[in-house]
Amino acid sequence: MKTQAHLKPGQKGTKRLVAKYGQALLCVRYRYDRVRGVRLKTVELVLEEKAWPMPTRHGDTAVVALQVAYTERALREKLKAAGARWDPVEKVWRVSFSSIQGTELEARVLKD
């Protein structure tokens with residue numbers, strides 16, 4: 001079965017479905033089955049929406065790299081107090097993620 005069209009709500013071919021399902025409509029797909037010679041119109045609906053706490057990317061024991069400027073003395077002191085070590089080759093601070101989790105330093109973790 002091949003999907004030929006993937007339409008967002010409001011596009012041509014979705015007006016009646018938007019009227020029927022409203023904000024719950026996520027997308028409409030037209031699928032074609034060459035074996036049976038039929039076209040299928042499918043809809044994707046949102047049935048439930050609730051808060052989801054984002055999982056952390058790092059485990060508690062993972063060592064992460066942080067970028068802190070030389071002029072940011074207060075942050076450097078917090079890193080030292082948390083047991084961070086300076087990596088002169090990569091010019092970053094290395095510290096266990098559990099030491100900085102929940103602090104302003106968590107936002108400075110470099111992406112891998």
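Residues numbered from 1 in each chain as written. Predicted model: local features only at pLDDT ≥ 70, side-chain atom pairs only at ≥ 80, totals over all residues. Heavy atoms only, no water.

1. Concerning the pairing of strand 2 (residues 25-33)
Working note: regular strand, side chains alternate between the two faces of the sheet. Pairing between strand 1 (residues 2-7) and strand 2: five bridges, direction antiparallel. When the bridges of strand 2 are listed, Leu-7 appears paired with Val-28. Judged from the eight bridges that link them, strand 2 and strand 3 (residues 38-45) form a sheet pairing that is antiparallel. Each bridged residue has a counterpart across the sheet, and for Arg-31 the counterpart in strand 3 is Leu-40. What sits between the antiparallel neighbours strand 2 and strand 3 is a turn of four residues, in which Gly-37 has the positive phi angle 70°. (Pairing = 2+ DSSP bridges. Helix = DSSP H or I, 4+ residues; strand = E, 2+ residues; numbered from the N terminus.)

2. Observations concerning the side chain of Asp-87
Along the chain, Asp-87 falls in strand 5 (residues 85-87). Relative accessible area serves as the criterion here: at 16%, Asp-87 is assigned to the buried category. A distance of 3.2 Å separates a polar atom in the side chain of Asp-87 from the backbone nitrogen of Val-89. Setting aside residues no more than four positions away along its own chain, Asp-87 makes contact with Val-92 and Arg-94. (Buried < 20%, exposed > 50% of the residue type's maximum accessible area, 1.4 Å probe, protein only. Polar contact = N/O pair within 3.5 Å; in protein donor to acceptor, adjacent residues only side chain to side chain. Contact = heavy atoms within 4.5 Å.)

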